[in-house]
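# Examination of the molecular architecture
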Amino acid sequence: MRDSRWLARLLADPGSAAQVTDWTSLIAIARAESLAGSLAWRLKGMELPEGVEALLEAARRDSEAVRVQALWEAEMARRALKPLGIPVILLKGTAYAAAGLEAGRGRSIGDLDILVPRSALPDVERALLAAGWEWVKEDGYDDQYYRRWMHELPPLIHRERDRMIDVHHAILPLTARPKPDMAAMIAARVPLADGLFTLAPADMIVHSAAHLFADGDLAGGLRNLWDIDRLLREFGERDPEFWPALRDRSDRHGLLPAVGRAIRLAHHLYGTPVNWGQLPISPGRALSGKARRAEIGNCHQLLAADALFRRRLLALDGWGQATRPFTRLGFYVRSHWLRMPPMMLARHLWVKARKKR
Amino acid sequence: MNHVFRLQVGPVSFRIGSQWRQPVAQLRRLYAGYPEPDGICDFTVRLEAERAWRRWIRPSVAIRGDYVLPDAAPLPLAQGLLAAEMGMNLQMALGQKKFLLLHAASVERDGRALLLTGHSGAGKSTLGALLGERGWRFMGDEFALLGLEDGRLHPFPRAVSLKNESLALFDGVDPARLGPVLTGTPKGRIRHLRPNREAVARMGEPARPVMILFPRFGRDLEPIVRDVGAAEAFMRLTQASTNYVALAEQGFDALTRFVGTFPSKAIDYADTAQAEALVDDLWRSA
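What counts and how
Residues numbered from 1 in each chain as written. Chains lettered and ligands numbered in written order. Predicted model: local features only at pLDDT ≥ 70, side-chain atom pairs only at ≥ 80, totals over all residues. Heavy atoms only, no water. Domains from an automatic or database assignment. Contact = heavy atoms within 4.5 Å. Buried area = accessible area lost by both parts, 1.4 Å probe. Salt bridge = Lys/Arg side-chain N within 4 Å of Asp/Glu carboxyl O. Polar contact = N/O pair within 3.5 Å; in protein donor to acceptor, adjacent residues only side chain to side chain. Helix = DSSP H or I, 4+ residues; strand = E, 2+ residues; numbered from the N terminus. Pairing = 2+ DSSP bridges. Phe/Tyr/Trp six-rings, centres within 6.5 Å; stacked < 30°, edge-to-face > 60°. Buried < 20%, exposed > 50% of the residue type's maximum accessible area, 1.4 Å probe, protein only. Expected span 1.5 Å × (residues − 1). Arc of directions from axis to C-beta.

Next up on the list: the domain arrangement of chain B. Residues and elements named next belong to chain B. Domain parsing of chain B yields domain 1 (3-95) and domain 2 (99-158 + 195-285). Of note, the centres of domain 1 and domain 2, computed from C-alpha atoms alone, are 26 Å apart. With 15 residues of domain 1 in contact, the opposing surface of domain 2 contributes 15 residues. Of the roughly 1200 Å² buried between domain 1 and domain 2 on both sides combined, carbon and sulfur atoms contribute 69%. Inspection of the region where domain 1 meets domain 2 yields one salt bridge. A salt bridge links Arg158 to Glu85, with the nearest nitrogen and oxygen atoms 2.8 Å apart. Where domain 1 packs against domain 2, one counts four residue pairs in polar contact (both at pLDDT 80 or more). Among the secondary structure elements, those contributing two or more residues to the side of domain 1 that touches domain 2 are strand E1 (3-9), strand E2 (12-18) and helix H2 (80-95). Among the elements that line the side of domain 1 that touches domain 2, the one with the most residues is H2, at five residues.

Turning to the interface of chain B and chain A, a few remarks are in order. Counting from both sides, the interface comprises 25 residues of chain B and, opposite them, 18 residues of chain A. Taken over both partners, the interface formed by chain B and chain A buries close to 1700 Å², and the fraction arising from carbon and sulfur atoms is 54%. Looking only at chain B, the three residues that lose the most surface to chain A are Arg15(B), Ile40(B) and Lys98(B), adding up to 36% of its buried area. The tally of links between chain B and chain A comes to three salt bridges. Asp62(A) is the salt-bridge partner of Lys97(B), the closest N and O atoms lying 3.0 Å from each other. At the surface where chain B touches chain A, the tally comes to eleven residue pairs in polar contact (both at pLDDT 80 or more).

With that out of the way, let us pick up the sheet that holds strand E3 (residues 133-135) of chain A. All names here are of chain A. With mixed pairing, the seven strands of this open sheet are ordered in space as E3-E4-E5-E2-E1-E7-E6. Because the sheet does not close on itself, it has two edges, and the strands there are E3 and strand E6 (190-191). As defined by bridge partners, E6 adjoins strand E7 (residues 197-198) across two bridges and the pair is classed as antiparallel. Note that in E7 the partner of Pro191 across the bridge is Phe197.

Residues and elements named next belong to chain B. Counted under the stated rule, the structure contains 14 aromatic pairs over all chains. Where Phe14 meets Phe156, the ring centres are 6.3 Å apart and the plane angle is 45°; that geometry is what we call tilted. Taken as a pair, Phe14 in strand E2 and Phe156 in the loop between strand E10 (153-154) and strand E11 (160-163) lie far apart in primary sequence, 142 residues in all. Exposure remark for Phe156: the relative accessible area of 2% places this residue in the buried category. Through a chain of ring-to-ring contacts, the aromatic side chains of Phe14, Phe43, Tyr67 and Phe156 assemble into a single cluster.

A few words now on helix H7 (residues 272-285) of chain B. All names here are of chain B. In this model H7 runs 20 Å from its N-terminal to its C-terminal C-alpha over 14 residues, within 8% of the 20 Å that 1.5 Å per residue would give. Taken together, the buried positions of H7 are occupied by Ala275, Glu276, Leu278, Val279, Leu282 and Trp283. Across the axial projection of H7, the buried residues extend over an arc of 165°, all falling on one side. Residues of H7 that are exposed and point more than 90 degrees away from the buried face comprise Ala273, Arg284 and Ser285. For H7, the N-terminal capping position is held by Asp271, with its side-chain oxygen 3.0 Å away from the main-chain nitrogen of Ala273.

As a further point, take helix H7 (residues 140-149) of chain A. For an α-helix the count is 3.6 residues per turn, leaving residues at separations of three or four pointing the same way. All names here are of chain A. Taken as a whole, H7 has its buried residues at Tyr141, Asp142, Tyr145 and Tyr146. Seen from one end, H7 has its buried residues packed into an arc of 130°, which puts them on one side. Across from the buried face of H7, at angles greater than 90 degrees, the exposed residues are Gly140 and Arg148.

Here the focus is the pairing of E2(B). Residue and element names in this part refer to chain B. When you tally the buried positions in E2, you get seven out of seven residues, the bulk of the element. With burial as the criterion, each face of E2 is covered, one bearing Val12, Phe14, Ile16 and Ser18 and the other bearing Ser13, Arg15 and Gly17. Taken together, the seven bridges between E1 and E2 define a ladder with antiparallel strand orientation. Residue pairing in the sheet places Gln8 in a bridge with Ser13 of E2. Linkage of E1 to E2, two consecutive antiparallel strands, is achieved through a turn of two residues, within which Gly10 is found at a positive phi near 55°. The pairing of E2 with strand E3 (residues 43-49) spans five bridges and is parallel. Counterpart to Phe14 in the pairing with E3 is Phe43.

Here it is as structure tokens:
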């Protein structure tokens, strides 16, 4: 098996399960990509070899326990933050699970990610520390770095439950070039039954795409792209206004290029239906050159640069082993480049290198 | 991966890949006579160079696979067999969700199983292996697999890892069953022992548990037996389980049923002859 493409194909088309000959490799890839639970649900009810079915059944049961634990952690945060009277918005996996979205089915969920208004950060920090969360790292430079430049507090871990929480006040580092409109994002939040919130559907996609393509080195990218596929399908079917809203919001947050790339690659790897290009651009809004380019091919066709992203997204072999070291290195360097301007990056790497010695 | 070994142990199957020949050759020899999995393998273990050049220069084996511990220390190539064993243990500890995993040895007689559990160094592994040479069927010394639905113990007779002084206790066994002596490992001197023919032949037969023993070894301990209440046994077994928390309600249900059904005893012993006598007494009265 040359790369993770088989996994993507099977997720997109469970019917192709009959053609799989090497399940051990496929499962190794799915586990390495944190997609074993999602795959197990996707293949539920299919005619499969007995051993494969048993393994997937265990993965489904496991994902149910993961879901319950993630929701409980969200509830713990809700109780700790309730007295502050601020909106607490769940992000990523926990949000998908809490909202009962298809993207949450079988999804692996590690840390709890929440978004709160930046002005509330000091209160949130105090409330969480009082409720049993502790700092993971005790390092002056890292702490300063997070607080000055990042979009989140340094990570906290709960001393009894051993679970991490990431408290975000933005969806990208403050030093990144795109500047999402966080006030608008928080204002458009959608309530859940228990007093917590999720982002609005379009903003959920914008966040996921920003996380994948405008930040980080694409580690775990195939899973994030699977989220995007599931979300686009579900929202697109549910609401005819969704696609224009997505276009509008992506533009407003300065993330059209990232969202466009997410849609093109999701369509390419997972066959996501795309309704993007047939819609008129919101009147009176001038798109930047980059945004225009993101529209070429109406998101049904990959752009030249997308091929490189695809190469990175699929860089695993049948042993779940990382391949394509130079592509990986390139994206690692890119992730730092995206995060901060060159002089700042130089300084940051200098401090980090000196500390390692 | 250049070298591959596939192994079935009880209900669990492994695919082990290595960049070097030696660990796989040693596994093949140690696990001679074990069946090969006939379908999908539950877990993949990878033995690979920690950095590309460490494949050739002072070879250093990183333990990777489906499930990894980020800070697991690599081992020198001379301890590659140990790395493979640790790799399998790691997959079980982090990834096994079909059974409640207890850090315990287990043996069986007349279709009834005895579970031996306790802290590292309490002697459960040595005691389990010894009983396995003296009329009991050896079911495993590292992990006992408790079925979540059937409440039975499922055999997992991997190679026994004999440590330090306990190596001498098995001098009499067929040398073909012994692996190489590994010195200077994180746990001292280690030698692996293949379970006997019966243990391997009957690895597919689960058994009904009837007693939990908490052995404690110490040179100046008086041989005694003490009753352990269900609540204490429960607490000690949650600590002895690597996946109790991950299994959530299923784990709680399986474990409460387990400790509630039959007696638990703690035994202290100063040498293996005493331990055997205590176990035999208890077994007759059970």
